There are 2 protein chains.
Amino acid sequence: MNWGHMAGLLGLLFLFIGLSMLFPLGFSLYYRDAGLAPLLWSSSIVIFIGFLLHFLFRKQKAAGISHREGMFIVASAWICSSLMGSLPFMLGGFMTPTDAIFESFSGFTTTGASILNNIEELPPGIIMWRSFTHWLGGMGIIVLSLAILPFLGVGGMQLYKAEVSGPSPDKLKPRIRDTAMILWKVYVFFTLVLIVLLLLGGLNFFDSLCQTFGTVATGGFSNKNASIAHFDSAYVDWVITGFMFLCGISFALHYKLLTGKVCDVWKSPELRFFSLVGASLILIATIFTYIYSYDSFTQALRYSSFQIISIITSTGFVTYDYLLWPALIQVILLFCMFMGGCAGSTAGGIKCMRIMLLLKLAYRELFRIVHPHAVRQVKMGKILVKDDVLNGVVGFIIIYLNLMIISSLLIAAMGVDLVTSLTSVLACISNIGPGFGQVGPASNYSLLPDPAKWLLSLCMVLGRLEIYTIIVLMIPEFWKK
Amino acid sequence: MNWGHMAGLLGLLFLFIGLSMLFPLGFSLYYRDAGLAPLLWSSSIVIFIGFLLHFLFRKQKAAGISHREGMFIVASAWICSSLMGSLPFMLGGFMTPTDAIFESFSGFTTTGASILNNIEELPPGIIMWRSFTHWLGGMGIIVLSLAILPFLGVGGMQLYKAEVSGPSPDKLKPRIRDTAMILWKVYVFFTLVLIVLLLLGGLNFFDSLCQTFGTVATGGFSNKNASIAHFDSAYVDWVITGFMFLCGISFALHYKLLTGKVCDVWKSPELRFFSLVGASLILIATIFTYIYSYDSFTQALRYSSFQIISIITSTGFVTYDYLLWPALIQVILLFCMFMGGCAGSTAGGIKCMRIMLLLKLAYRELFRIVHPHAVRQVKMGKILVKDDVLNGVVGFIIIYLNLMIISSLLIAAMGVDLVTSLTSVLACISNIGPGFGQVGPASNYSLLPDPAKWLLSLCMVLGRLEIYTIIVLMIPEFWKK
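Quick caveat: nothing in here was measured; it's all calculated off a predicted structure.

**Details of the overall build of chain A**
In terms of helices and strands, chain A carries 21 helices and two strands. What you see for chain A is a C-alpha radius of gyration of 22 Å, in line with the 23 Å of a compact globule of 481 residues. For chain A, the spread of C-alpha atoms along the three principal axes comes to 70 × 65 × 50 Å. Of all 481 residues assigned to chain A, the portion counted as buried reaches 62%. Nonlocal contacts in chain A, meaning residues at least 24 apart in sequence, comprise 72% of its contacts between residues at least 6 apart. For chain A, the accessible area works out to roughly 18,100 Å², and carbon and sulfur atoms hold 67% of it. Where the 31 positive side-chain charges of chain A centre and where its 23 negative ones centre are 14 Å apart.

**Thoughts on a negative patch on the surface**
A cluster of acidic side chains, namely D387 and D388 of chain A together with D387 and D388 of chain B, defines a negative patch on the protein surface. Elements with a minimum of two residues in the negative patch: α17 (387-413) of chain A together with α17 (387-413) of chain B. Residue classification places D387 of chain A among the partly exposed positions, given a relative accessible area of 49%.

**Observations concerning unusual backbone geometry**
All names here are of chain A. For T110, which is not glycine, the phi dihedral falls at a positive 55°. In this fold, T110 is placed in the loop between α6 (97-108) and α7 (124-152). Within the chain, D232 stands out as a residue other than glycine whose phi angle is a positive 45°. Tracing the chain through its elements places D232 in the loop between α9 (205-216) and α10 (234-247).

**Considering the pattern of salt bridges**
All names here are of chain B. By the definition in use, this model includes 18 salt bridges over all chains. For R302, the salt bridge goes to D232, with nearest N and O atoms at 3.9 Å. Residue R302 is located in helix α14 (residues 297-312), and its partner D232 is located in the loop between α9 (205-216) and α10 (234-247); the two are separated by 70 residues in the primary sequence. Accessibility expressed as a relative area gives 11% for R302, which makes it buried. R368 is paired through a salt bridge with E365; the nearest N and O atoms lie 2.9 Å apart.

**Section: the relation of the copies chain B and chain A**
For the pair of chain copies, the relating operation is a rotation around an axis with a shift along it. By a simple turn and slide, chain B fits onto chain A: the slide is 0.0 Å along the axis, the RMSD is 0.0 Å, and the turn is 180°. The superposition operator between the copies reduces to a two-fold rotation axis. Within chain B, V394 of chain B has its C-alpha nearest the rotation axis, a separation of 3.8 Å. In this assembly the copies share their binding face: 100% of the residues contributing to the interface of chain B also contribute to that of chain A.

**Some points on the environment of A327 of chain A**
Take A327 of chain A: it is sitting in helix α15 (residues 327-339). Note on A327 of chain A: relative accessible area 13%, which makes it buried. Residues A327 of chain A and F288 of chain A, spaced 39 residues apart in sequence, show a C-alpha to C-alpha distance of 9.6 Å. Every residue in contact with A327 of chain A, bar those within four places of it in the chain, is listed here: A412, V416, D417 and L418 of chain B.

**Concerning the domain arrangement of chain A**
Residue and element names in this part refer to chain A. The domain architecture assigned to chain A consists of domain 1 (3-247) and domain 2 (263-339). If you average the C-alpha positions of domain 1 and of domain 2, the two centres end up 27 Å apart. Both sides together, the interface formed by domain 1 and domain 2 hides about 1,600 Å², and carbon and sulfur atoms give 66% of it. If you sort the residues of domain 1 by the area they bury against domain 2, W238, M244 and F245 come out on top, with a joint share of 38%. For the salt bridge of D237 with R302, the shortest nitrogen-to-oxygen distance reads 2.7 Å. Where domain 1 packs against domain 2, one counts five residue pairs in polar contact (both at pLDDT 80 or more). Mapped by element, the contributors of at least two residues to the side of domain 1 that touches domain 2 are α9 and α10. Element by element, the count of residues in the side of domain 1 that touches domain 2 is highest for α10, at seven residues. Of the residues contributing to the side of domain 1 that touches domain 2, the split by class is nine nonpolar, 12 polar and two charged.

**Re the side chain of E69 of chain A**
Residues and elements named next belong to chain A. The residue E69 is located in helix α4 (residues 67-85) in this model. Buried and unpaired, E69 has R68 as its nearest opposite-charge partner, separated by 7.1 Å. Those residues in contact with E69 that sit more than four places away from it in its chain are M1, N2, M6 and G64.

**Some remarks on a nonpolar patch on the surface**
All names here are of chain B. On the surface, a nonpolar cluster with roughly 650 Å² of combined accessible area is contributed by L283, I287, Y290, I291, Y292 and F297. No other element matches the five residues that helix α13 (residues 269-292) contributes to the nonpolar patch. With respect to the secondary-structure elements, I291 resides in helix α13. Residue I291 is classed as exposed on the basis of its relative accessible area of 54%.

**What about the interface of chain B and chain A?**
Taken together, the contacts link 53 residues of chain B with 53 residues of chain A. Of the roughly 4,200 Å² buried where chain B meets chain A, counting both sides, 78% is carbon and sulfur surface. Our enumeration of links across chain B and chain A arrives at zero salt bridges. The interface formed by chain B and chain A includes two residue pairs in polar contact (both at pLDDT 80 or more). Taken together, the elements giving at least two residues each to the side of chain B that touches chain A come down to α4 (67-85), α15 (327-339), α16 (352-370), α17, α18 (418-429), α20 (468-471) and α21 (476-479) of chain B. Split by residue class, the side of chain B that touches chain A holds 37 nonpolar, 10 polar and six charged.

**Re the nonpolar core**
W129, F251 and Y445 of chain A together with W129, F251 and Y445 of chain B are the most contacted members of the largest nonpolar core, which totals 328 residues. Those residues in contact with F251 of chain A that sit more than four places away from it in its chain are I142, L146, L183, V186, Y187, F190, G344, S345 and T346 of chain A.

**As for the packing of aromatic side chains**
The tally for this structure, following the rule as stated, stands at 68 aromatic pairs over all chains. We note R354 of chain B situated over the ring of F396 of chain B; from NZ or CZ to the ring centre the distance is 3.5 Å.

**Notes on α9 of chain A**
All names here are of chain A. Compared with the 16 Å implied by 1.5 Å per residue over 12 residues, the 16 Å span of α9 between its first and last C-alpha is a close match. Taken across its 12 residues, α9 has 11 buried, putting it largely inside the fold. Of the residues making up α9, those classed as buried are F206, D207, S208, L209, C210, Q211, T212, F213, G214, T215 and V216. The residue sitting at the N-terminus of α9 and contributing the capping side-chain oxygen is N204; that oxygen lies 3.2 Å from the backbone nitrogen of F206.

**Details of the side chain of Q211 of chain B**
All names here are of chain B. Within the fold, Q211 resides in helix α9. Given the relative accessible area of 0%, Q211 is considered buried. Separated by 2.6 Å, the side chains of Q211 and N223 make a polar contact.

What counts and what doesn't
Residues numbered from 1 in each chain as written. Chains lettered and ligands numbered in written order. Predicted model: local features only at pLDDT ≥ 70, side-chain atom pairs only at ≥ 80, totals over all residues. Heavy atoms only, no water. Helix = DSSP H or I, 4+ residues; strand = E, 2+ residues; numbered from the N terminus. Rg over C-alpha atoms; globule rule 2.2 N^0.38 Å. Buried < 20%, exposed > 50% of the residue type's maximum accessible area, 1.4 Å probe, protein only. Contact = heavy atoms within 4.5 Å. Areas by Shrake-Rupley, 256 points an atom, 1.4 Å probe, with all protein chains shown as cover. Lys, Arg positive; Asp, Glu negative; His and termini not counted. Charge placed at Lys NZ, Arg CZ, Asp CG, Glu CD. Patch = residues over 30% accessible without salt bridge, like charges linked within 9 Å, V, L, I, M, F, W, Y side chains within 5 Å. Salt bridge = Lys/Arg side-chain N within 4 Å of Asp/Glu carboxyl O. Least-squares fit on C-alpha atoms with pLDDT ≥ 70 in both. Domains from an automatic or database assignment. Buried area = accessible area lost by both parts, 1.4 Å probe. Polar contact = N/O pair within 3.5 Å; in protein donor to acceptor, adjacent residues only side chain to side chain. Nonpolar A, V, L, I, M, F, W, Y, C, P; charged D, E, K, R; others polar. Core = buried A, V, L, I, M, F, W, Y, C linked by side-chain atoms within 4.5 Å. Phe/Tyr/Trp six-rings, centres within 6.5 Å; stacked < 30°, edge-to-face > 60°. Lys NZ or Arg CZ within 6 Å of the ring centre and 35° of its normal. Expected span 1.5 Å × (residues − 1).

If you want it as structure tokens, here you go:
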């Protein structure tokens with residue numbers, strides 16, 4: 001491992017994070033709030049560390065990034081960003097160090113789990129930084145899942161690895177830069193459109209920005225205690241539902257769509273699956289909430305659509321306390337937390353791509369039992385899925401479930417009840433936000449013990465980085481020459 | 001499919017079930033109870049149908065049993081036995097038809113889930129039949145999992161398929177008979193030893209028989225409302241704990257043990273894994289219950305050992321309401337419900353063998369990411385595990401989880417709460433018995449709506465027959481020539 005090169009790259013990241021803090025600082029200046037000093041200090045510290053690292057190690061020669069270095073830099077990037085991102089919360093005394101780190105991890109991993117009981121009492125600059133971490137995290141994750149992870153042999157987009165030319169380490173760098181630029185354009189475009197639409201819906205500029213960052217990153221932080229329910233507007237609900245859905249779809253498809261290849265997009269098996277599952281679940285939820293919870297069909301449709309899409313895309317916005325809904329909807333939402341959106345989007349969870357491959361694998365086994373001598377290949381659309389991709393998906397699921405088991409055992413050992421232990425881990429590892437029990441939609445993570453918050457922060461980053469990226473760092477063999 | 005031959009075989013099964021009813025009938029005669037007439041009628045009806053089928057189709061020629069016929073006969077055997085077995089409950093008016101069928105399915109699948117609020121008010125003959133269905137079901141499942149399913153390419157013992165010679169259909173019949181005889185001897189031996197041990201513990205003959213049938217079949221029906229807690233004896237608890245553990249181990253290993261191959265037995269990777277997991281969980285549970293629930297360490301050890309072994313072997317006996325224990329133990333018990341015992345035992349669940357293979361698969365993936373060009377094979381002990389066995393295990397898990405999802409959605413749609421919906425399905429598909437929430441250890445399945453009882457009966461038989469055996473029957477292709 002070329003440590004100097006790694007440090008130099010992290011230096012650049014620190015510079016970027018430090019400079020990003022100037023954006024909320026602008027709001028602090030405008031509102032003359034209590035966030036000014038903490039943001040200024042944080043920004044200065046992070047920029048200083050960034051400069052130091054960058055200048056100390058800028059002369060390091062590097063012929064591209066190796067496989068191992070790629071893993072290391074991705075994991076460090078998220079962990080360092082989240083740690084640096086917690087400084088403004090901590091320095092201003094707005095939160096305890098543990099809470100600040102939890103909140104920052106939740107922001108950069110676009111989880112949206114919060115420990116804040118009263119968000120609205122925070123200075124606007126700090127609120128803006130909290131929401132902005134989502135936007136930065138979302139930006140990172142799109143590039144990560146579409147440009148970096150496939151080359152490292154990790155993540156749901158592996159399937160498409162075959163479509164781009166060979167993963168030579170030398171060519172990795174320029175291609176990542178090109179791909180990133182295209183994807184970011186789409187992301188910025190969505191952001192701008194949503195801001196305008198929310199302004200048209202009567203939200204002020206500040207509120208529009210916060211909800212937009214929470215939506216396009218499928219994060220879930222709102223600047224209101226009541227989340228999106230605060231605005232109590234059908235227009236806002238529908239606009240945000242639409243954009244959560246859009247941002248739960250692969251950004252590679254969006255790029256195709258914006259360049260006019262509409263036909264290609266609709267042929268995507270993952271998009272079809274995602275839309276079909278989403279639509280079916282909304283239909284069921286609408287019928288059940290119409291019968292048991294609402295007077296009008298349009299209300300049932302509006303609240304059901306919002307909540308199903310919010311959970312399935314791992315956003316975690318709330319317009320109604322779903323623990324009050326019929327049991328069926330709760331079970332549906334619970335399973336949605338496992339599923340997540342499409343690979344290559346800002347959504348978390350297992351991802352539709354993997355769920356589809358697993359279902360196809362299971363069907364192949366049934367087929368084999370009926371026809372013991374027939375050979376059947378797993379296909380995704382017209383692409384033949386290779387065995388090592390399938391093994392990767394199976395391995396992912398097993399490790400994902402095992403991490404959930406171990407983490408919930410640890411949290412239960414801290415005295416947290418069964419339902420809360422299980423769903424807090426699920427909601428964090430799938431980057432959702434709200435769970436069930438004590439971490440339900442009407443409450444938050446503030447009551448959990450401190451060690452649980454640390455563990456859940458780790459879960460968030462594990463889930464966000466497709467698990468393998470962090471897990472391999474814990475294997476001693478990874479560090480051997 | 002040779003329907004005549006199938007009907008003839010089912011005729012033999014009916015004769016066997018009908019004659020088995022004479023055993024509880026003896027108790028009814030002795031106690032002169034209200035179960036006499038229903039048992040006599042049921043026995044006569046079942047024996048009559050058996051004779052009819054057997055004599056009508058006895059002239060059917062058959063050159064062995066085909067793969068498809070094997071699947072069909074196994075599934076029909078369990079379903080027919082359970083339906084016939086419900087007759088004594090129904091005819092005596094002791095239960096509604098739905099409840100009777102649920103109770104009988106629960107018996108023959110050795111699940112132990114009950115709808116009875118007051119077991120002790122039933123006539124002794126009927127109680128004995130209820131417990132005896134466990135013993136019959138356990139007898140069937142040992143032969144099924146060790147002699148029949150491996151040849152059909154289904155089940156956890158597939159791995160050992162390579163060790164016995166080729167699965168030629170002609171040789172299937174005599175080998176099954178030989179294997180069955182050996183296994184049954186072990187089963188009967190365990191039964192006799194446990195009866196004697198319980199008699200020595202001060203239980204009367206009737207109670208000894210009922211607890212023994214519930215234990216050796218890892219079923220969980222007791223003739224007491226308070227389950228094993230009724231006897232309130234450390235001796236009884238430990239004896240039953242020991243026998244539940246023994247019966248959670250592959251009966252193929254027991255046979256080896258009884259023939260003196262002790263070394264072979266201890267080398268079994270599955271047994272080591274099962275013992276290690278069991279011991280670790282007991283240790284953790286003992287420490288936590290000692291701190292939070294009991295005054296003495298021996299008490300904590302006794303109750304923890306009993307409950308962990310009861311759930312991990314899918315027995316479902318209860319000596320303490322585990323919903324009152326610390327959250328950690330509840331989470332442990334929940335995950336134990338997924339795991340189950342060893343393949344080739346009377347235990348249900350996913351089985352240790354499969355869990356081990358999945359963990360090895362996951363480790364192989366991690367290894368592949370660290371060493372992208374290295375090839376690593378999955379081994380179980382010294383046996384190289386073939387890819388089609390691994391695929392079978394992965395397919396099993398996916399279908400298992402999907403069935404759980406679909407079933408709990410359906411049960412939640414009937415208005416049952418989240419925790420009860422999820423854990424009732426888990427407890428039935430894994431053949432455990434008690435779950436959490438409304439179906440917790442201190443309550444039972446009586447409050448669930450009738451359609452839920454039907455669905456859960458299906459889950460029990462699906463879980464018991466390693467899922468594939470029932471699922472393939474639902475695939476139209478299976479029925480085509």
